[in-house]
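# Architecture and fold: a report
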Amino acid sequence: MADDHSRPAPASAQQPMPTEKRRSGARRRVLKSGAIEFGNEVIACTVRNLSPQGACIEVNSPLWFPDRFTLGVDGQRWPSRIVWKKQKRLGLAFD
């Protein structure tokens, strides 16, 4: 009888590709204050990682804000869009 362990796992059982492999560039870990800016509103956030292509931020406020906004960090500003959400963390891509 053939050993079942030698068969490849079906695609549905395989692990998803790690996040690092899906990104176009590596993000470096940071811990900085940031600002979500839209219209006349500014909401404070914490920037957890940053790259030229995007960022991961954490918000403490449960307030609503749009899917597209400007992220301000250290005097720089990036037009951004949300690509994923997990509780208080948001993954951003810079436009």
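In this report, we go over the structure that sits alongside the text. Model, not experiment: these values are computed from the prediction.

Moving on: the overall build of the protein. From N to C terminus, the protein includes one helix and six strands. Beginning at the N terminus, the succession of helices and strands in the protein can be written as α-β-β-β-β-β-β. Counting all 95 residues of the protein, 37% fall into the buried class. Considering only residue pairs separated by 6 or more positions, the protein has 39% of its internal contacts joining residues 24 or more positions apart. Only carbon and sulfur atoms are counted for the fraction: they give 50% of the accessible area of the protein, which is about 7,200 Å².

On to the sheet that holds strand β4 (residues 68-73). What the six strands build is a closed barrel, ordered β1-β2-β3-β6-β5-β4; its pairing is antiparallel. Strand-to-strand, the axes of this sheet are offset by a mean angle of 45°, without reference to chain direction.

This part is about the side chain of Glu37. Tracing the backbone shows Glu37 in strand β1 (residues 28-38). Excluding residues within four positions of it along the chain, Glu37 makes contact with Val42, Phe69, Thr70, Gly72 and Arg77.

What follows deals with the nonpolar core. Ile36, Ile57, Phe65, Phe69 and Leu71 are the most contacted members of the largest nonpolar core, which has 19 residues in total. Here this core takes four residues from strand β2 (residues 41-50), the largest share from any one element. In this structure, Ile36 is in contact with Glu41, Val42, Ile43, Cys45, Ile57, Val59, Phe65, Phe69 and Thr70, ignoring residues within four places of it in sequence.

Here we come to the packing of aromatic side chains. Enumeration according to the criterion identifies three aromatic pairs in this entry. Both rings, one in Phe38 and one in Trp64, keep their centres 6.4 Å apart while their planes meet at 85°; by these two values the pair is edge-to-face. With Phe38 in strand β1 and Trp64 in the loop between β3 (54-58) and β4, the pair connects residues that are 26 residues apart, well separated along the chain. Using a relative accessible area of 19% as the deciding quantity, one classes Phe38 as buried.

What follows concerns the pattern of salt bridges. In the structure shown here, the tally under the stated rule is six salt bridges. Across the salt bridge formed by Arg81 and Asp95, the nearest N and O atoms sit 3.0 Å from each other. You can see Arg81 sitting in strand β5 (residues 76-86) and its partner Asp95 sitting in the segment after β6 (89-94), a full 14 residues away along the chain. Judged by its relative accessible area of 52%, Asp95 is exposed. Each of Arg48, Glu58 and Arg89 takes part in one network of salt bridges that share partners.

Rules and cut-offs
Residues numbered from 1 in each chain as written. Predicted model: local features only at pLDDT ≥ 70, side-chain atom pairs only at ≥ 80, totals over all residues. Heavy atoms only, no water. Helix = DSSP H or I, 4+ residues; strand = E, 2+ residues; numbered from the N terminus. Buried < 20%, exposed > 50% of the residue type's maximum accessible area, 1.4 Å probe, protein only. Contact = heavy atoms within 4.5 Å. Areas by Shrake-Rupley, 256 points an atom, 1.4 Å probe, with all protein chains shown as cover. Pairing = 2+ DSSP bridges. Axes fitted to C-alpha atoms, helices over the stretch in contact; angles between N-to-C directions. Core = buried A, V, L, I, M, F, W, Y, C linked by side-chain atoms within 4.5 Å. Phe/Tyr/Trp six-rings, centres within 6.5 Å; stacked < 30°, edge-to-face > 60°. Salt bridge = Lys/Arg side-chain N within 4 Å of Asp/Glu carboxyl O.

Nothing here speaks to function; it is geometry throughout.
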